[in-house]
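# Reading the structure
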Amino acid sequence: MALILRVGPYICGEWNFGGLPPWLLGTPGIQIRTQDSRFMKAVNSWLNVLLPMIEPYLYANDGPIIMVQVENEYGSFGCDHDYIKALYKMFYEILGNKVVYFTTDGERDFELECGITPPNLFGTVDFSPEDDVDDVMRRFRKHQSRGPFVNSELYAGWCDWCG
């Protein structure tokens, strides 16, 4: 089985504070998901512990991990491509070219424009079965003209629909 790993720093809106550690909120004036040096220092500390632990499990090392997510739905939060590039650099310095790095963004044009940061990151998109797939693909292709069209979060329902 192949594995797509979402390590963050921001994992998803469905988790409390997006999976970021709540102690960050105790830092006066910190700006999360930006190049704020205090935030980036915390991210770097996390990645320097986590990424060496997952490195043996990369597909290139005969493990199951084929892709690693660098950011999640950033296009709905901000539009700083330099921030995304700085995150990518942190990942690359530890894992090198042994894995495919990707981001996930919503299907709206502004989300894709701000979230996809080529050429080193593979963009993916999330949408639901109700969306017009051809329309989503057209918007996606404006921002990533080549490579596969991947829905990395297919919303068949929301988190509270079950049981």
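Residues numbered from 1 in each chain as written. Predicted model: local features only at pLDDT ≥ 70, side-chain atom pairs only at ≥ 80, totals over all residues. Heavy atoms only, no water.

### Some remarks on the sheet that holds strand S3 (residues 100-106)
The pairing of strands in a sheet comes from backbone hydrogen bonds and takes either a parallel or an antiparallel form. The following threshold applies: Pairing between two strands is assigned when DSSP locates at least 2 bridges connecting them. Runs of E in the DSSP output that reach at least two residues are strands. Runs of H or I that reach at least four are helices, and both are numbered from the N terminus. For every element, the axis is a line fit to its C-alpha atoms; helices are fit only across the contacting stretch, and the angle between N-to-C directions ranges from 0 to 180 degrees. The criterion used for residue contact is that any of the two residues' heavy atoms lie within 4.5 Å.
Overall, parallel pairing links the 5 strands, which are arranged S1-S2-S3-S4-S5 in an open sheet. The open sheet has two edge strands, strand S1 (3-6) and strand S5 (151-154), and neither has a second partner. Between one strand and the next, the sheet's axes are offset by a mean angle of 30°, whatever the strand orientation. With 5 bridges joining them, S3 and strand S4 (residues 122-127) adopt parallel strand pairing. Counted as the bridge partner of Gly106 is Asp126 from S4. Running over the sheet, helix H2 (residues 81-95) touches strand S2 (65-72) and S3 and is turned about 150° from S2.

### With respect to the packing of aromatic side chains
Put simply, the test is: Side-chain rings of Phe, Tyr and Trp (the six-membered ring for Trp) are treated as a pair once their centres are within 6.5 Å; stacked means planes under 30 degrees apart, edge-to-face means over 60, and tilted covers the remaining angles. Throughout this description, buried means an accessible area under 20% of the type-specific maximum (1.4 Å probe, protein chains only), exposed means over 50%, and partly exposed covers the range between. By definition, being over a ring means that NZ of Lys or CZ of Arg is both within 6 Å of the ring centre and within 35 degrees of the ring normal.
Scanning the model with the defined rule gives 9 aromatic pairs in all. With a centroid separation of 5.7 Å and 35° between ring planes, the pair formed by Tyr88 and Tyr92 is classed as tilted. Highlighted residues: Tyr88 and Tyr92, both in helix H2, separated by 4 residues, approximately one helical turn. By relative accessible area, which is 36% here, Tyr92 ends up partly exposed. A centroid spacing of 6.5 Å and a plane angle of 55° characterise the contact between Tyr92 and Tyr101, whose relative ring orientation is tilted. For Tyr101, a relative accessible area of 4% puts it in the buried group. The rings of Phe39, Tyr74, Phe77 and Tyr83 are connected pair by pair, giving a single aromatic cluster. Just above the ring of Tyr10 sits the side chain of Arg33; from NZ or CZ to the centre is 3.6 Å. Stacked on the ring of Phe77, the Lys or Arg Arg33 has its end atom at 4.6 Å from the ring centre.

### A closer look at the side chain of Arg33
Note the following rule: We define a polar contact as two N or O atoms separated by no more than 3.5 Å, with the added condition that, inside protein, one atom must be a possible hydrogen donor and the other a possible acceptor, whereas residues neighbouring each other in sequence contribute only through side-chain atom pairs.
Here Arg33 lies in the loop between S1 and helix H1 (37-54). In this structure Arg33 comes out as buried when scored by relative accessible area, which is 3%. A distance of 2.8 Å separates a polar atom in the side chain of Arg33 from a polar atom in the side chain of Glu71. Engagement of the side chain of Arg33 in a polar contact is seen with the backbone oxygen of Asn72, the distance being 2.8 Å.

### Brief notes about the pattern of salt bridges
What counts is decided by this rule: Throughout this description, the term salt bridge denotes a Lys or Arg side-chain nitrogen within 4 Å of a carboxyl oxygen of Asp or Glu.
One pass over the structure, following the stated rule, counts 10 salt bridges. Between Glu107 and Arg139 there is a salt bridge, with its nearest N and O atoms 2.2 Å apart. Of this pair, Glu107 sits in the loop between S3 and helix H3 (109-115) while Arg139 is found in helix H4 (residues 133-143), placing the two residues 32 residues apart along the sequence. For the residue pair Glu107 and Arg139, the accessibility class agrees, reading buried in each case. Measuring nitrogen to oxygen at the nearest pair gives 3.8 Å for the salt bridge that ties Asp135 to Arg138.

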